[in-house]
Amino acid sequence: MQLPQDSNLRKTPDALNQQEATLKGEVKYEGNRAQELSVLRFENQNELKIEDPLWDSSFLPSTNEEKVVFWSTDHYQRVRENTLRNKSTEEMKGFDFAPLIIQMKKLPPWEAGTFVQHYIHVPDGEQKRTQWTEGTLTYFFRPESYQYNFESHLPQFIHSFPDYSLPSNKWGATNFFAAEDLQNLALRKGYSLTGSFSTPPSNRIAYDYDEWLYKSGAPPAYSVSQEKVNEWLNQVDEKLLRRNFKTYVIDRHQNVKHLVLNWEALRNPYGEGIGKLQRTLKMWKEAYPDKTLSIWPHGLMELNRVNIEGNNYNLTKDLNFKGNLDQWYGQLNEQSPFTINAFFKENADLNYIGGYLNYPTNYGYVHHFVMQHMMNKKFQPQKPSVLMWWHNQEYVGGFDLGEKWFSGADGQPLMTRIKPMVFPSTMHNAAVWAFAFCDGGELWSEPWGRSDDKTYLGGMTEAFDTIGRKIATEYGPVQTSQYAIQNYQNIDRWEAGKWAVSVNKDIIEAQTEWTFVSSAREGECFTQNDQRLPSFSLYEKTPLVAAKMNQAQTEALILLYDAWNDPLKQEIIKVKLGDQVFDTKVFGRYTSVVRVQL
């Protein structure tokens, strides 16, 4: 490995050599024989480069699959240009990546086979990519105090972020917690609700997981059609529903502030049985007037992300609509991809937007949830509109699970099947737009503490040895802990995005509105009028830029996102605020959070 000679990169060798991608890479076992699948190597030939020396080999040779790498979300055709041969990371010093090496299928081209995934941090150069000022622009990406820990798979924000609070007009919750965080330090890092077992009831969020429905005879989630679910709901005894709701929801969750009903057993119910659900859910408010309730992952205006990514809709009509909900329904409902389930209009205390990232090909995720938010606030301006998110990609078919090999507590090679982690840039973008433009975000995670202790793999983890035998697993004694097999430090980028917004809370809390503003890449024309909207940006592949003024109109906060920039390159976007134009830097596909002196 050749290392940079430049003085401000002298710490690079240590930083690179500590990372898993350069130490052991990813392997698989056949019996007792290990086969390397992917090992990243940093090289320097006047610039910091990375490559995979095993790139030309396939995990599972197939004439219908080709190996690609996702650095961030991308279109399933465009990503086929991406290889891991001699790629420069020089322009992305200070940023994180979780390159997903995957075998995309040729037919159908939107599906994929197996994968491996790394997590890497490109060390800072002369300019730390934390918070810095260039002229009248100040950039915010992560706190100066943040420290990486390459020996851990756990997020480090609880140890090295400063304590801070969210803007008063934002809602923030997380169900991820480190088993070691017995003091619930996460609650001091921009959250009002956490899922840790050590959280006081006044700050606790919990999820019910539908037991009250299953005890009432509901079919297992996704096992039957929606029509069959509706038939069951029509026939079930309402007294049974109410009795089980009291036992498994009201009585069980008396020590929480906010409850999320899982709702997967019901999905999108309609028909005669809806009244039973409405009357049952009212029992929560009757029992706990000061507690709140939401329904996963639903909200007023729902929008299928894959549908809008694959079809060119005239969503601008919806975003510009003037009138009430009944008028929208009468005029645009039949031609619009937005849908309404009236049940969610009245029976929850917040509207969810977004939903989990399902695939690495969901390149329109920011545009998707931002447009949902705009429509929710058009018709329910007082109800919080909150992003529901997860740190893993929630495959729902079409993509194969990965096999993750790791060393157990005794050094024995073990394997479990996994879904990929969400890309760090994607985590950052989701948090920035959720906590700045929208009303907040909720980071879901499984209800157990994560740990770096390999002794406890978790009671629900299926782990196998090298000859395919399933081994016994259990939870640890501290906060139902289990070993963090995958690297969860992508969560630090979610936290950094939330922090970047919160340190500008004077602008976020100001009685001013977010507006989409004109912008242009180098050599391109400025977007104007409706071209500034996310509906145009999504289909015409232009940058998405929003701005909000402080109360005195002397400063602005800009969110600048280019979903189509090269993920390993910087670019300059010209942003127009009034009669002034600002040359603003974008780093790969990370949203730039920039405070501007006007």
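**Student:** Help me understand the sheet that holds strand β17 (residues 292–295) in this model?
**Tutor:** What holds strands together in a sheet is hydrogen bonding between their backbones, with the strands either parallel or antiparallel. If you walk across this open sheet you meet the three strands as β15-β16-β17, and the pairing is parallel. Only two strands of the sheet have a single neighbouring strand rather than two, namely β15 (205–207) and β17. Ignoring which end each strand starts from, the neighbouring axes of this sheet average 20 degrees apart. As paired elements, β15 and strand β16 (residues 258–261) share three bridges and run parallel to each other. Opposite Y207, over in β16, you have V260 as the bridge partner. Contacts from helix α7 (residues 274–287) reach β16 and β17, with the element oriented near 155 degrees to β17.

**Student:** What exactly am I supposed to notice about helix α12 (residues 365–379) here?
**Tutor:** The periodicity of an α-helix, 3.6 residues per turn, causes residues three or four places apart in sequence to face the same way. When the terminal C-alpha atoms of α12 are compared, their 22 Å separation across 15 residues agrees well with the 21 Å that a helix rising 1.5 Å per residue should span. Here α12 lies mainly inside the structure; 13 of its 15 residues are buried.

**Student:** What's the story with the sheet that holds strand β29 (residues 515–516) in this structure? I'm lost.
**Tutor:** With respect to topology, six strands assemble into an open sheet ordered β11-β12-β35-β32-β31-β29, the strand pairing being antiparallel. At either margin of the open sheet sits one strand with a lone partner, and together these are β11 (131–134) and β29. Relative to strand β35 (residues 592–597), strand β32 (residues 555–561) runs antiparallel, the two sharing six bridges. Along β35, the bridge assignment pairs I558 with V594.

**Student:** Explain the pattern of salt bridges here, please?
**Tutor:** As a working rule, side chains carrying opposite charge can pair if their charged atoms are close by. Overall, the coordinates contain 30 salt bridges when judged by the stated rule. The closest approach of N and O atoms between R595 and D506, which form a salt bridge, is 2.6 Å. Remark: D506 occurs in helix α15 (residues 505–508) and R595 occurs in strand β35; sequence separation between them is 89 residues. Residues D583 and K574 are paired through a salt bridge, measuring 2.9 Å at the closest nitrogen-oxygen approach. Ionic contacts of the salt-bridge type, sharing partners, join the residues D74, R78 and R589 into one network.

About the thresholds
- Residues numbered from 1 in each chain as written.
- Predicted model: local features only at pLDDT ≥ 70, side-chain atom pairs only at ≥ 80, totals over all residues.
- Heavy atoms only, no water.
- Pairing = 2+ DSSP bridges.
- Helix = DSSP H or I, 4+ residues; strand = E, 2+ residues; numbered from the N terminus.
- Axes fitted to C-alpha atoms, helices over the stretch in contact; angles between N-to-C directions.
- Contact = heavy atoms within 4.5 Å.
- Expected span 1.5 Å × (residues − 1).
- Buried < 20%, exposed > 50% of the residue type's maximum accessible area, 1.4 Å probe, protein only.
- Salt bridge = Lys/Arg side-chain N within 4 Å of Asp/Glu carboxyl O.

Read these as layout, nothing more, since geometry by itself doesn't imply function.
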